[in-house]
Amino acid sequence: MVRLKPVDAVIVGFGWAGALLALELSAAGISVLALERGPFRDTVDFPPTSAPDELRYAVRHDLVVPPARQTITFRNRPDQLALPVRRWGSFLPAWGAGGGGVHWNGQVWRFRPSDFVLASRVAVRYGRRFLAPDLTLADFGVTYEELEPYYDRFESLAGVSGQAGNIAGRIIPGGNPFEGPRARDYPNPPLLMPYGPSLFAEAARALGYHPFPQPAANLSRPYTNPLGVTLGPCTYCGFCERFGCANAAKASPQTTVLPVLRERRNFWLRTDVTVLEVVYDRTARRVAGVVYVDDKGERSFQPADLVILAAYTFENVRLLLLSGIGTPYDPESGRGVVGRNYTYQTTSSVTVGFADKRLNPFIGAGALGMVVDDWNGDHYDHGPLGFLGGAYLAALATNGRPILNHPTPPGTPRWGAEWKRAVARSYLRTFRLIASGSSLPHRAAYLDLDPTYRDAWGRPLLRMTFDFHPFDLRMSEFVTAKLAEIARAMAPAWLTVSPRRGPYSIVPYQSTHNVGGAVMGADPATSVVNPYLQCWDVPNLFVVGGSAFPHNPAYNPTGTIAALALRTGEAIRTRYLARPGPLV
Ligand SMILES: Cc1cc2nc3c(=O)[nH]c(=O)nc-3n(C[C@H](O)[C@H](O)[C@H](O)COP(=O)(O)OP(=O)(O)OC[C@H]3O[C@@H](n4cnc5c(N)ncnc54)[C@H](O)[C@@H]3O)c2cc1C
Ligand code: SF4
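Now for a quick tour of the structure. This is a predicted model, so every value here is computed, not measured.

About the thresholds
- Residues numbered from 1 in each chain as written.
- Chains lettered and ligands numbered in written order.
- Predicted model: local features only at pLDDT ≥ 70, side-chain atom pairs only at ≥ 80, totals over all residues.
- Heavy atoms only, no water.
- Pairing = 2+ DSSP bridges.
- Helix = DSSP H or I, 4+ residues; strand = E, 2+ residues; numbered from the N terminus.
- Axes fitted to C-alpha atoms, helices over the stretch in contact; angles between N-to-C directions.
- Parallel < 35°, antiparallel > 145°, perpendicular 65-115°, else oblique.
- Contact = heavy atoms within 4.5 Å.
- Nonpolar A, V, L, I, M, F, W, Y, C, P; charged D, E, K, R; others polar.
- Salt bridge = Lys/Arg side-chain N within 4 Å of Asp/Glu carboxyl O.
- Buried < 20%, exposed > 50% of the residue type's maximum accessible area, 1.4 Å probe, protein only.
- Near = heavy atom within 4 Å.
- Polar contact = N/O pair within 3.5 Å; in protein donor to acceptor, adjacent residues only side chain to side chain.
- Areas by Shrake-Rupley, 256 points an atom, 1.4 Å probe, with all protein chains shown as cover.
- Left-handed = near helix turned anticlockwise from the far one by under 90°.
- Core = buried A, V, L, I, M, F, W, Y, C linked by side-chain atoms within 4.5 Å.

Turning our attention to the pairing of strand β12 (residues 273-281). Where a strand is regular, its side chains alternate between the two sheet faces. Both β12 and strand β13 (residues 286-294) contribute to a ladder of 8 bridges, which runs antiparallel. Bridged to E277 within β13 is V291. Hairpin connection between β12 and β13: a loop of 4 residues separates the two successive antiparallel strands, and R285 in this loop has a positive phi of roughly 55°.

What the 4 strands build is an open sheet, ordered β5-β4-β20-β19; its pairing is mixed. Because the sheet does not close on itself, it has two edges, and the strands there are β5 (83-84) and β19 (446-454). Strand direction decides the pairing type here: strand β4 (residues 72-75) and strand β20 (residues 460-465), joined by 4 bridges, are parallel. When the sheet's bridge partners are listed, T73 is paired in β20 with R463.

Bringing the packing of helix α5 (residues 144-158) against helix α12 (residues 558-576) into the picture now. Between α5 and α12, whose axes approach to 8 Å, the crossing angle comes to 110°. By the angle class used here, α5 and α12 are roughly perpendicular. Counted together, E146, L147, Y150, Y151, R153, F154 and L157 of α5 and G559, T560, A562, A563, L564, L566, R567 and E570 of α12 form the full contact between these two elements. Of the residues that constitute the contact of α5 with α12, the class distribution is 9 nonpolar, 2 polar and 4 charged.

A word on the pattern of salt bridges. Counting across every chain of the model gives 22 salt bridges. Residue D79 pairs with R77 through a salt bridge whose shortest N-O separation is 3.0 Å. Taking the relative accessible area as the measure of exposure, D79 reaches 60% and is therefore exposed. Salt-bridge contacts for E155 lead to R182; the nearest nitrogen and oxygen are separated by 3.1 Å. Of the two residues, E155 is situated in helix α5 and R182 in the loop between β7 (170-171) and α6 (195-206); the sequence distance between them amounts to 27 residues.

Here we take up the site of ligand 1. Close to ligand 1 lie 37 residues; E36, R37, G100, Q107 and T558 are nearest. The contact in question runs from an oxygen atom of ligand 1 to an N or O atom on the backbone of G100, over 2.7 Å. Taken by itself ligand 1 offers 990 Å² of open surface, and the protein chains cover 99% of this. Here the shell around ligand 1 takes 3 residues from β12, the largest share from any one element. Considered class by class, the residues forming the shell around ligand 1 number 17 nonpolar, 15 polar and 5 charged.

Moving on, we get to the packing of helix α1 (residues 16-27) against α12. Here α1 crosses α12 at 25°, and the two axes come no closer than 9 Å. With respect to each other, α1 and α12 are oriented roughly parallel. The two elements α1 and α12 cross, and the hand of that crossing is right-handed. On α12, the residues that touch W16, A17, L20, L21, E24, L25 and A27 of α1 are T558, I561, A562, A565, L566, T568, G569, E570, I572 and R573. Broken down by class, the residue content of the contact of α1 with α12 amounts to 11 nonpolar, 3 polar and 3 charged.

Let's shift gears to the environment of R184. With respect to the helices and strands, the residue R184 is situated in the loop between β7 and α6. Judged by relative accessible area, R184 falls into the partly exposed class, the value being 44%. R184 sits 18 residues away from N166 along the chain, and the two C-alpha atoms are 8.7 Å apart. For R184, the residues in contact, after removing those within four places along its chain, are D152, S156 and I167. A polar contact of 2.7 Å, which involves the side chain of R184, links it to the side chain of D152.

Glancing now at the sheet that holds strand β21 (residues 494-498). Taken together, 6 strands build an open sheet; the order of strands is β8-β16-β17-β18-β15-β21 and the sheet is antiparallel. One side of each edge strand has no neighbouring strand; the edge strands of this open sheet are β8 (212-213) and β21. The pairing of strand β17 (residues 391-396) with strand β18 (residues 430-437) spans 5 bridges and is classified as antiparallel. Bridge pairing links L393 to A435 in β18. Helix-sheet contacts for α6 involve β16 (369-372), β17 and β18, and the interaxial angle to β16 is about 25°.

Turning our eyes to something else, we now look at helix α9 (residues 312-322). In terms of burial, α9 is a largely internal element, 9 of the 11 residues being buried. At the exit of α9 stands G324, carrying a positive phi of roughly 70°.

Glancing now at the site of ligand 2. In the vicinity of ligand 2 there are 13 residues, among which C234, C237, C240, C245 and N247 approach most closely. Across the shell around ligand 2, the residue classes tally to 7 nonpolar, 5 polar and 1 charged.

Turning next to the side chain of S90. By secondary structure assignment, the location of S90 is in the loop between β5 and α3 (113-116). Classification of S90 as buried rests on a relative accessible area of 1%. Of the polar contacts made by the side chain of S90, one reaches the side chain of Y344; its length is 2.7 Å. Leaving out residues up to four positions away in the same chain, S90 has contacts with Y344, Y504, S505, I506, V507, P508, Y509, Q510 and S511.

Take the nonpolar core next. One recurring pattern in soluble globular proteins is that nonpolar side chains are buried together. In terms of nonpolar packing, the biggest core is built from 120 residues, with M464 and L541 touching the most fellow members. A per-element tally of this core places α12 first, with 9 residues. Those residues in contact with M464, other than ones at most four positions away along the chain, are I72, T73, F74, R75, F91, F314, Y342, Y446, L447, I506 and N514. Formed by 51 residues, the second largest nonpolar core is a distinct cluster that contains V122, F130, V350 and F387.

Another aspect to go through is the side chain of T255. Counting through the fold element by element, T255 comes out in helix α7 (residues 253-256). Within the structure, the side chain of T255 is placed 2.9 Å from the backbone oxygen of K250, a separation counted as a polar contact. Engagement of the side chain of T255 in a polar contact is seen with the backbone nitrogen of S252, the distance being 2.8 Å. Here T255 is in contact with T43, V229, L231, A248 and K250, once residues within four sequence places are set aside.

Here it is, written out as structure tokens:
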């Protein structure tokens with residue numbers, strides 16, 4: 001094995017989390033090396049001629065890690081045999097420079113203040129007896145107020161387009177009245193709204209709800225961010241989710257921070273290298289660096305004073321387990337922390353079809369649409385309902401692409417001439433509304449190492465054991481009925497209502513919002529990292545990303561992943577480097 005020249009900090013993974021840590025740490029003047037298992041990619045790799053290739057990107061998953069390189073095993077319950085995922089379905093883990101930040105939709109959310117303190121709030125509001133005994137709810141260990149400046153910073157780096165609903169406690173018409181107070185408005189105005197989302201908003205408003213535009217990292221106008229990097233305006237091309245942007249109009253690490261990192265002489269990005277292990281000295285309670293393998297199979301030891309894992313939930317947790325860091329979670333005893341509180345997203349939908357309205361679904365962007373937040377989180381009384389959590393309800397113009405989108409009314413044959421006629425009739429007149437719901441942590445949902453299946457380098461695969469908690473399924477029935485209420489008020493010719501039903505299936509796409517497993521918190525008995533995402537057991541190791549969420553609120557995670565990453569980066573830069581050691 002080659003022993004390389006030491007660096008001050010090594011970052012594993014170069015998605016949003018890794019790029020934002022690189023930005024902060026390299027600003028401190030220390031040497032920073034990011035290691036990324038996938039290929040290098042930049043905006044020029046997505047020219048307008050080939051960027052909207054639906055077969056290549058949306059169907060054949062060109063930007064997703066090939067399962068032959070890296071996969072997981074899955075089962076619903078601990079008494080089942082887990083099997084390897086050989087084609088990604090329910091979620092699409094990224095690889096390559098920029099990670100999922102290249103091919104995400106760009107829906108940028110802040111969690112609500114109550115999401116950060118859910119466990120203690122539920123205990124006070126409903127009493128501990130309300131909680132099912134198998135729930136493992138925990139607070140984040142950081143408050144919304146502490147995170148607000150970092151949300152603000154990410155929104156301005158990414159140039160988010162939106163309409164504020166609450167500036168310093170003042171409710172702003174047209175925004176989300178349920179959001180936490182923000183210091184200022186979004187840097188850019190909302191995107192223009194197409195017909196489908198506008199009809200949804202009209203119907204929701206008539207029912208007394210509070211629709212507002214989805215905050216979007218698809219830019220509504222040209223914008224230069226505080227680093228001096230300029231992004232272009234979105235053309236509503238519709239090839240956004242699962243695609244790179246041909247117009248540099250979607251915020252990604254490449255379009256926001258990479259141009260600045262390229263100029264820094266103390267930052268390096270090495271691609272096509274897979275980190276196999278974090279080298280851990282248990283006696284010294286220190287990590288010494290990482291071992292990685294390149295595409296020729298050559299292994300190297302990269303020494304570093306500081307190691308940052310930013311390799312997405314699955315590899316963050318797996319690398320901890322493979323490196324013997326922290327106590328693995330044991331579902332029998334409930335003890336141990338690494339792998340604990342894996343959660344997902346409980347999604348559902350209602351499809352509406354019109355006889356007389358042309359909705360032009362080919363006009364779209366990743367985060368283009370209208371949202372209703374009235375049935376989300378804990379701002380309504382769950383006492384009589386028998387579940388916790390909720391969902392945002394939305395009409396998003398995101399997926400009008402021709403190969404994967406050909407909706408038909410109920411009762412249409414699945415193939416043949418009648419199916420073709422129905423597709424031709426329905427394409428322009430159909431819209432899918434969605435509910436993006438929360439996911440509660442429970443004792444039997446966790447990540448560990450698979451006892452049977454191994455990867456190309458002989459290391460155990462990560463094993464996922466997951467099913468929705470009964471509270472999540474009850475919640476889905478409830479919020480999907482609310483979504484159907486709005487759908488009916490849109491006066492469609494037909495509609496279908498699809499709440500999420502168990503058991504969880506790993507096959508149809510639901511969301512790439514896999515979180516937990518290396519959770520943050522104020523108590524080392526129930527968390528892997530402290531509120532600065534610093535490993536309790538090993539102060540020179542930080543684990544950054546959605547792996548830190550102790551539960552998953554209904555919103556997409558990246559805004560919060562980014563805010564936490566920026567807060568961690570700042571704490572390392574301003575405090576840890578001056579005095580290396582525990583930050584709390
Ligand atoms: C189709 C799609 C749409 C999405 N839309 C949204 C959205 O609208 N809003 C939202 O909030 N979120 C969305 N997401 C989720 C979002 O992409 C993720 O939350 C976000 O990208 C996570 O950032 P990250 O840096 O933590 O991880 P990633 O972006 O996954 O980056 C981690 C990087 O680490 C690398 N890596 C992993 N293991 C190793 C290893 N062993 N060695 C070296 N490198 C390694 C990976 O290759 C990857 O590039 C979407 C995801 C997908 C797939
Ligand atoms: S919809 Fe807009 S942001 Fe998305 S890929 Fe097209 S131009 Fe880029």
